[in-house]
Amino acid sequence: MTSISLLPKFDISQNYLLNPIRVTLGLWVKEAMALVRAEVVLKKPVTFVTGNAKKLEEVKMILGNSIPFSTLRVDLPELQGEPEEISKEKARIAAKQIDGAVLVEDTCLCFNALHGLPGFEKWFLQKLGHEGLNNMLAAYKDKSAYALCVFSLALGPGFEPTTFVGRTEGKIVPARGPADFGWDPVFQPDGSDFTYAEMPKDEKNKISHRRRALDKVRDHFREYDFVVRNDDSQV
Ligand SMILES: O=P(O)(O)OP(=O)(O)OP(=O)(O)OC[C@H]1O[C@@H](n2cnc3c(O)ncnc32)[C@H](O)[C@@H]1O
Ligand SMILES: [Mg+2]
């Protein structure tokens with residue numbers, strides 16, 4: 001079982017005890033530090049779990065070395081429901097499966113004319129294809145859509161996951177560009193003349209739903225001090 005300790009890392013040095021002003025200041029800083037940055041001790045690094053190789057590639061490119069994480073390719077169940085709930089449930093399942101801290105994500109493509117449908121599960125795209133996605137909107141003038149990505153971080157089995165949402169607005173167009181990642185060829189983000197599939201990877205990664213959600217994940221990791229320590233000093 002993963003354990004965490006939310007202890008402030010800041011320590012007042014003996015010097016502060018010699019001067020009342022410095023003592024007050026030191027205590028204030030200590031309190032502020034406790035509020036701002038707490039230590040989270042994990043037995044092993046946070047593992048990003050997914051069954052999708054392309055997703056994994058993008059997450060690695062976007063995060064680089066900015067947070068301590070490892071990756072694992074495991075097929076997670078395709079769940080139905082609201083995106084945040086799906087993502088949280090994926091995290092609970094994955095945390096139990098690997099018995100540790102996990103990061104997972106769920107991505108959907110939502111059509112405004114269809115009030116957020118189809119959302120997505122992977123079998124849906126496999127059966128319908130890119131043309132089928134366009135045909136779904138044939139009866140509607142409104143081709144606008146958004147890509148939504150929800151990351152969930154669970155610190156271990158039994159921990160309630162925290163979610164981080166990223167969203168990119170765009171529209172659905174006839175497929176253009178390489179068809180090697182999901183619905184990328186039919187999604188053209190606002191402000192661009194290219195579909196996700198036509199863009200070089202680093203361009204997609206600057207504006208994508210995944211990038212926007214991962215910026216929030218990164219902020220969370222900055223807010224807390226995640227430390228991997230596999231000894232008995234954890235509480
Ligand atoms: O193991 P997990 O992480 O669940 O991987 P998955 O492939 O099942 O991924 P999702 O359930 O989140 O995504 C549902 C579908 O959306 C596709 N998809 C996810 N992110 C995408 C992106 O950035 N661009 C295009 N298609 C994407 C993906 O290939 C699936 O067909
Ligand atoms: Mg899935």
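Values in this document were obtained by computation on a predicted structure and should not be read as measured data.

Undergrad: Where do I start with the overall build of the protein chain in this structure?
TA: Scanning the protein chain from N- to C-terminus turns up 6 helices and 10 strands. Counting over 235 residues, the protein chain shows a buried share of 45%. Long-range pairs, those at least 24 residues apart, make up 62% of the contacts in the protein chain between residues at least 6 apart in sequence.

Undergrad: Hey, could you run me through the UniProt feature "binding site: Mg(2+)" (unreviewed entry) in the protein chain in this one?
TA: According to UniProt, the feature "binding site: Mg(2+)" (unreviewed entry) maps to Glu78 and Asp106 in the numbering used here. In three dimensions, the annotated residues from a span of 29 residues occupy one location, with a maximal C-alpha spread of 9.6 Å. Tracing the sequence through the fold places glutamate 78 in the loop between β4 (69-73) and α3 (83-98). Take aspartate 106: it is sitting in strand β5 (residues 102-111). Looking at aspartate 106, the relative accessible area reads 8%, which means it is buried. Ignoring any residue separated from it by four or fewer positions in sequence, one finds aspartate 106 in contact with Lys55, Ile86, Ser87, Lys90, Leu148, Cys149 and Val150. A distance of 2.8 Å separates polar atoms of two side chains, one belonging to aspartate 106 and the other to lysine 90.

Undergrad: Mind showing me how you'd approach the side chain of arginine 210 here?
TA: Mapped onto the secondary structure, arginine 210 falls in helix α6 (residues 209-223). Sequence-distant contacts of arginine 210, defined by excluding residues within four places in its chain, comprise Lys55, Glu58, Val59, Ile62, Glu105, Thr107, Cys149, Phe151, Phe181 and Lys204.

Undergrad: In this structure, what is going on with the pattern of salt bridges? I would like to understand it.
TA: Side chains bearing opposite charge may pair, as long as their charged atoms lie close to each other. Per the stated rule, a full pass over the model turns up 18 salt bridges. Between lysine 88 and glutamate 160 there is a salt bridge, with its nearest N and O atoms 3.6 Å apart. One end of the pair, lysine 88, is in helix α3; the other, glutamate 160, is in the loop between β7 (144-154) and β8 (162-172), and 72 residues separate them in sequence. By relative accessible area, lysine 88 is classed as buried at 17%. The closest approach of N and O atoms between glutamate 198 and arginine 176, which form a salt bridge, is 3.1 Å. Taken together, the residues glutamate 198 in the loop between β9 (187-189) and α5 (201-207) and arginine 176 in the loop between β8 and β9 connect sequence positions 22 residues apart. Three or more residues joined by partner-sharing salt bridges are found here, namely Lys55, Glu58, Glu105, Asp184, Lys201, Lys204 and Arg210.

Undergrad: Where do I start with the site of ligand 1 in this structure?
TA: Looking at ligand 1, there are 17 residues lining it, with Thr50, Lys55, Glu78, Lys90 and Asp184 nearest. Lysine 55 has a polar side-chain atom sitting 2.6 Å from an oxygen atom of ligand 1. Contacts to ligand 1 include arginine 210, whose side-chain N or O atom sits 2.8 Å from an oxygen atom. For ligand 1, the accessible surface in isolation is 600 Å², of which the surrounding protein chains cover 96%. Secondary-structure elements contributing two or more residues to the shell around ligand 1 are β5 and α6. No other element matches the 3 residues that β5 contributes to the shell around ligand 1. Of the residues contributing to the shell around ligand 1, the split by class is 2 nonpolar, 6 polar and 9 charged.

Undergrad: I keep staring at helix α2 (residues 53-63) and nothing clicks. Help me out?
TA: Owing to its 3.6 residues per turn, the α-helix aligns residues three or four sequence positions apart on the same side. Within the span of α2, buried status applies to Lys55, Leu56, Glu58, Val59, Ile62 and Leu63. An end-on view of α2 places all buried positions within 165° of arc, on one side of the element. You can read the cap of α2 off the contacts: a side-chain oxygen lies 3.0 Å from the backbone nitrogen of lysine 54, and it is on asparagine 52.

Undergrad: Quick question: what am I supposed to make of the confidence of the model for the protein chain here?
TA: Put simply, the protein chain has an average pLDDT of 83, and 81% of its residues get 70 or more. The least confident element of the protein chain is strand β1 (residues 7-8), whose mean pLDDT is 38; the most confident is β9, at 98. Interface confidence for the predicted complex, given as ipTM, is 0.96, next to a pTM of 0.83.

Cut-offs applied
Residues numbered from 1 in each chain as written. Chains lettered and ligands numbered in written order. Predicted model: local features only at pLDDT ≥ 70, side-chain atom pairs only at ≥ 80, totals over all residues. Heavy atoms only, no water. Helix = DSSP H or I, 4+ residues; strand = E, 2+ residues; numbered from the N terminus. Buried < 20%, exposed > 50% of the residue type's maximum accessible area, 1.4 Å probe, protein only. Contact = heavy atoms within 4.5 Å. UniProt positions renumbered as here; feature names shortened; annotations may be inferred. Polar contact = N/O pair within 3.5 Å; in protein donor to acceptor, adjacent residues only side chain to side chain. Salt bridge = Lys/Arg side-chain N within 4 Å of Asp/Glu carboxyl O. Near = heavy atom within 4 Å. Areas by Shrake-Rupley, 256 points an atom, 1.4 Å probe, with all protein chains shown as cover. Nonpolar A, V, L, I, M, F, W, Y, C, P; charged D, E, K, R; others polar. Arc of directions from axis to C-beta. pLDDT = per-residue confidence, 0-100.

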